[in-house]
Amino acid sequence: MDIMLFHSTYGLRPAVRDAADRLRAAGHEVWTPDLFEGRTFGTVEEGMAFKDELGRDELLRRAVLAAAPYSERGLVYAGFSLGAATAQTLALGDGRARGLLLLHGTSDIAETASVDELPVQLHVADPDAFEPDDWLTAWYLRMGKVGADVEIHRYAGAGHLYTDPGLPDYDEEAAEATWRVALGFLETL
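Bear in mind the structure is a predicted one, so any value in this text is a computation, not a measurement.

## Digging into the side chain of His-104
Relative to the helices and strands, His-104 resides in the loop between β4 (99-103) and β5 (118-126). In terms of polar contacts, His-104 uses its side chain to reach the side chain of Thr-163, at 2.8 Å. If near-sequence neighbours (up to four positions away) are discounted, His-104 is found in contact with Phe-80, Ser-81, His-123, Asp-128, Glu-131, His-160, Leu-161, Tyr-162 and Thr-163.

## Things to note about the nonpolar core
If you look at the biggest cluster of nonpolar residues, it comprises 36 residues, and the most contacted ones within it are Tyr-77, Leu-100, Val-120 and Met-143. If you list the elements that add at least two residues to this core, you get β1 (2-6), α2 (44-54), α3 (56-67), α4 (82-93), β4, β5, α5 (133-145) and β6 (148-156). Element by element, the count of residues in this core is highest for α4, at six residues. With near-sequence residues (within four places) excluded, Val-120 lies in contact with Leu-100, Leu-102, Trp-139, Met-143, Ala-148, Asp-149, Val-150, Glu-151 and Phe-185. Counting 22 residues, the second-largest nonpolar core is a separate cluster that includes Val-30, Val-76, Phe-80 and Trp-179.

## Digging into the layout of surface pockets
Size it by volume and the largest pocket reaches roughly 480 Å³. Met-48, Lys-51, Leu-82, Ala-85 and Thr-106 are the residues nearest the centre of the largest pocket, which is lined by 23 residues in total. Broken down by element, the residue count for the lining of the largest pocket peaks at four residues, all from α4. For the lining of the largest pocket, the residue count by class is ten nonpolar, nine polar and four charged. Estimated volume of the second largest pocket: approximately 210 Å³. Along the wall of the second largest pocket there are 16 residues; nearest its centre are Ala-15, Thr-163, Asp-164, Pro-165 and Trp-179. Contributing elements (two or more residues each) for the lining of the second largest pocket: α1 (14-25) and α6 (172-187). Looking at the lining of the second largest pocket, the element that brings in the most residues is α1, giving five residues. In terms of residue class, the lining of the second largest pocket is made up of nine nonpolar, two polar and five charged.

## Observations concerning the packing of aromatic side chains
According to the stated counting rule, one finds six aromatic pairs in the structure shown. Relative to Tyr-70, the ring of Trp-31 has its centre 4.0 Å away and its plane inclined at 25°; by these criteria the two rings are stacked. Of the two residues, Trp-31 is situated in strand β2 (residues 29-31) and Tyr-70 in the loop between α3 and β3 (76-80); the sequence distance between them amounts to 39 residues. When its relative accessible area of 14% is taken as the criterion, Trp-31 is described as buried. Ring-pair connections join several aromatic residues into one group, and the members of that group are Phe-36, Phe-41 and Phe-50.

## Description of the side chain of Arg-13
Mapping Arg-13 onto the fold places it in the loop between β1 and α1. For Arg-13, the contacting residues outside a window of four places in its chain are Asp-164, Gly-166 and Leu-167.

## Some thoughts on α5
Taking 1.5 Å of rise per residue, 13 residues should cover 18 Å, and α5 covers 19 Å from first to last C-alpha, within 8% of that figure. For α5, the complete set of buried residues consists of Leu-136, Trp-139 and Met-143. The arc that holds the buried residues of α5, viewed along the axis, is 65°, so those residues lie on one side. Away from the buried face of α5 by more than 90 degrees, exposed residues Asp-134, Leu-141 and Lys-145 are located. Where α5 is buried, its residues contact α4, β4, β5 and β6. Count one or two residues on from α5 and you reach Gly-147, which has phi positive near 105°.

Parameters and conventions
Residues numbered from 1 in each chain as written. Predicted model: local features only at pLDDT ≥ 70, side-chain atom pairs only at ≥ 80, totals over all residues. Heavy atoms only, no water. Helix = DSSP H or I, 4+ residues; strand = E, 2+ residues; numbered from the N terminus. Polar contact = N/O pair within 3.5 Å; in protein donor to acceptor, adjacent residues only side chain to side chain. Contact = heavy atoms within 4.5 Å. Core = buried A, V, L, I, M, F, W, Y, C linked by side-chain atoms within 4.5 Å. Buried < 20%, exposed > 50% of the residue type's maximum accessible area, 1.4 Å probe, protein only. 1 Å grid on protein atoms, 1.4 Å probe; cavity = no way out; pocket = protein on both sides within 12 Å on 5 of 7 lines; lining within 4 Å. Points joined across faces, edges and corners; volume = space filled by probe spheres on them. Nonpolar A, V, L, I, M, F, W, Y, C, P; charged D, E, K, R; others polar. Phe/Tyr/Trp six-rings, centres within 6.5 Å; stacked < 30°, edge-to-face > 60°. Expected span 1.5 Å × (residues − 1). Arc of directions from axis to C-beta.

Following this line, the structure appears as structure tokens:
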């Protein structure tokens, strides 16, 4: 499977490269574009300030340019938190997308979005201040309306970016469970 894996608001950190290596070890081809052009951040606030300065349109332009050379292959879009939101936007706009793997995040759904049974898997902390229950319920229903086949996996007590061992949110048990389920999902695509 060809996977376009987007980083979080922290930037292209070692945890993203490690995740890509894990996916490659399972037989996938993976790209990890650096949408922040080498910048990484120590806090969510710093990363969000940079993202806001960069602007949503520029972030998406960079993501589209990164994915464009490979999109004819039928990509699986994936990402962490902000990168998951970016992956979702691209997948819902790419008729050749093979799947969508969301780790720690979702995004608004365009009114014009429409897919044909796109397989989607979301892994999220429970609770998660960035992905509250009412938002996730509305998101799930809206994704179903646009034609996505969605499954959600929640991890009680985990922090927001619980798969990143370099952050305080890290939860080894939840992270390993996420990767087991996610790798199984990718094998079905």
